[in-house]
Amino acid sequence: MMKRLVATLALATLALTAMARAEDKPAKVTVGYLNLVNAQLVTKHLGLLAREMPGVDIKYVKVGGGGDMLRAIAGNDVDFGGLGNPPTAIGATRALPIKGILVINMLDYVEAMVVRTDKNITSLKDLKGKTVAAPFGSTTHYLLLQALKDEGVDPTSMKILDLAPSDIAAAWLRGDIDAAWFWEPNLDKAVKNGGKILITSGEMAKRGYPTWDIGVVMNAFAEKYPSYVEKFVKAECEGIDFWLKNPEKTAEIIAEELSLPLDDATRMMTGTGMVPCNKQLTEDYLGTSAKKGKFVDTLVSTADFLVKQERLPKLLPRADFETFIQPAYLEKVVGR
Amino acid sequence: MSVEASPMAIPISADRTRRSTLRLRLPKVSRSVLLSSLTIAVLLATWTIVTEMGWANELFLPKPQAVWAAFIKTMTRGYQGATLLQHLGASLYRILTAFALACLIGIPLGVLMGVSRNARALLNPLIEFYRPLPPLGLYTLLVMWLGIGESSKLSLLFLAGLPGIVISTIQAVTSVDPVYVRAAQSLGATRRHLLFHVYLPAAGPLILAGMRISLGFTYTVLVAAEIVAASAGIGWMIWDAAKFLLSDVVIMGLIVLGLTGVVLDLMMRGIAKLLMPWA
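Please read these numbers as outputs of a predicted model, since none were measured by experiment.

Visitor: Would you mind going over the pattern of salt bridges with me for this structure?
Guide: Pairing is possible between side chains that carry opposite charge, provided their charged atoms lie close to one another. Under the counting rule described, the total for this entry stands at 24 salt bridges over all chains. With its nearest N and O atoms 3.7 Å apart, the salt bridge here joins Lys-332 of chain A to Glu-230 of chain A. Of the two residues, Lys-332 of chain A sits in helix α17 (residues 328-334) while Glu-230 of chain A sits in helix α11 (residues 226-245), which places them 102 residues apart along the sequence. Looking at Lys-332 of chain A, the relative accessible area reads 59%, which means it is exposed. A salt bridge links Arg-269 of chain B to Asp-265 of chain B; the nearest nitrogen and oxygen atoms lie 3.7 Å apart. With Arg-269 of chain B and Asp-265 of chain B both in helix α12 (residues 247-275), this residue pair falls four residues apart, about one helical turn.

Visitor: Help me understand the environment of Lys-273 of chain B in this model?
Guide: Residue and element names in this part refer to chain B. Locating Lys-273 in the fold gives a position in helix α12. Lys-273 gets classed as exposed once you look at its relative accessible area, which sits at 67%. The spacing of Lys-273 and Pro-205 is 68 residues in sequence and 9.6 Å in space, taken between C-alpha atoms.

Visitor: How should I be thinking about the interface of chain A and chain B in this particular structure?
Guide: How big an interface is tends to be stated in terms of the accessible area lost upon association of its parts. The partner chain B presents 25 residues to the 26 residues of chain A that form the contact. Together chain A and chain B conceal approximately 2,200 Å² of surface at their shared face, both sides included; 55% is due to carbon and sulfur atoms. On the chain A side of the contact with chain B, Arg-71, Arg-94 and Arg-311 of chain A bury the most area, a combined 30% of that side's loss. At the surface where chain A touches chain B, the tally comes to three salt bridges.

Visitor: I tried to follow the state of the cysteines on my own but got confused; where do I start?
Guide: Here a disulfide denotes a covalent bond joining the sulfur atom of one cysteine to the sulfur atom of another. All names here are of chain A. A full pass over the atoms with the stated rule returns one disulfide over all chains. In this model Cys-237 forms its disulfide with Cys-277; the gap between the sulfur atoms is 1.9 Å. On the sign convention where negative is left-handed, the bridge of Cys-237 and Cys-277, at about -100 degrees about the S-S bond, is left-handed. Placement of the pair is Cys-237 in helix α11 and Cys-277 in helix α14 (residues 277-280), with a sequence separation of 40 residues. Comparing Cys-237 with Cys-277 shows no difference in burial state: the two are buried.

Visitor: Looking at this structure, how should I read the side chain of Thr-260 of chain B?
Guide: Residue and element names in this part refer to chain B. Position of Thr-260 relative to the elements: it lies in helix α12. Thr-260 gets classed as buried once you look at its relative accessible area, which sits at 11%. Ignoring any residue separated from it by four or fewer positions in sequence, one finds Thr-260 in contact with Leu-88 and Tyr-219.

Visitor: Explain helix α11 (residues 234-243) of chain B to me, please; I cannot follow it from the model alone.
Guide: Helical periodicity: at 3.6 residues per turn, an α-helix aligns residues three or four positions apart in one direction. All names here are of chain B. Burial analysis of α11 places eight of its 10 residues in the buried class, the great majority of the element. Within the sequence span of α11, burial applies to Ile-234, Gly-235, Trp-236, Met-237, Ile-238, Asp-240, Ala-241 and Lys-243. Leu-245 lies just past α11 and shows a positive phi near 55 degrees.

Cut-offs and rules
- Residues numbered from 1 in each chain as written.
- Chains lettered and ligands numbered in written order.
- Predicted model: local features only at pLDDT ≥ 70, side-chain atom pairs only at ≥ 80, totals over all residues.
- Heavy atoms only, no water.
- Salt bridge = Lys/Arg side-chain N within 4 Å of Asp/Glu carboxyl O.
- Helix = DSSP H or I, 4+ residues; strand = E, 2+ residues; numbered from the N terminus.
- Buried < 20%, exposed > 50% of the residue type's maximum accessible area, 1.4 Å probe, protein only.
- Contact = heavy atoms within 4.5 Å.
- Buried area = accessible area lost by both parts, 1.4 Å probe.
- Disulfide = S-S within 2.5 Å.

Set out below in structure tokens:
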């Protein structure tokens, strides 16, 4: 009885393996996408990924922020994900099995610090004694602490709270917080309800602290289905091209995906920097397999900052961040 | 004991009986302690072996030494601006306040619902409806109503603790032997006398069991309560450390949380023994 069971199981396994070999195709692909305004929404809306991967069950999962995405990756819940540079630095340092394959977006004023107009906050120094919110571990939390440090303001002189973007919007409407650094589409709700922008992430980029989101793939998936990683990159590149070439139609898509008025969607779009795929292979972004670009520098400095904040145990050598960035798939798609 | 009590048995071998009682008893106590220690030892040994042999990814299961180091570091230097004791204090304050409120409201409510059928019919729909609601779903609403401060956290913990205590108090009161009640009534007891001298003493042990369960429920929602806009608390520390994948801090926090739960439970049992020696 037992023997027969084992034999059947072995046969079934063999058959399944053979099938997997023959097709070399994942049954299901799960894409975790961040709840913000970028071309991933276009790719999703137009079904570009499904077009690249016929017969594959494609599942999109919306993730609130970098911290949740890290957990999803650590829990092996997604095949592809998106991460801002601080969570990426955390993931790379903690040796999560992922590689960065694509620039999802550069963050300009789509992320910003909003302050309550009636509180007379004109500089970061005025935040003393106030309640400030940011999603901990995200790009904006990183920029908040970085900006406070640059202006010589002690972060312990104010109350800094960890809230998810949607909770920030709710807390703002209730009047529980005086300032918050977070992103669209929720940022707008705060601005429209007695808020004004004090500083944007784009301004911080000019000061030498660029923030961005990078598309990542699970190592196991990339090893098993390398051609599907290329298909993913290709679909996302098509989405980016569509965004750059058809801004009006894109705005309509964003408005529909995020249930926003068209005007708001248009404004939010211009606050997000989309990088054409061939440009992503230049020095300012991913660089090439032979010579990695400035994204590595950003990762090193972000990780260094997080180590000083005691959020990371130690700073890894630069080479580890270089291996994390893998432009090879994009190079094939672009045709270099 | 019964052997000693019997006058027939004494002349035969009082000495031997006492010795055998001793022999039977002492090992019994130390045996359960021994078995419990064995479980802990096996767990620790497995943990050590698995991590030392490199069978587990250190990201998911750090070595016991790493967790101990995280404990020492958090005790002395703190985690993100507060030491372990401060985190623990913040959490215990929340838990104990909410639990005390749940007892203060839950026990009288339970007694009322247990004694009066009308009260039970009136209040049952409310209790039965919200009892199975998942705390996080409830929490979103609580945050919108009460804000991100302490009141929403305390309310969530309170609401998690309340139904357990109400339901077991009802159970306790309705299962009081009616003979006690009738006996007291025939001796001229008033409602007040009945409540304090019959219902509460007789139902005490079961109410206490409900309190212990309810404290457990309060614990289960602690992390959820501290996710939103806390900057101290063991639950917050666990949640925050998970964001940065600091699994040593996560595991340390869980162990500390578990141990405080055990200590609180022991304390409740001790108090119960003092207050209700008949239980």
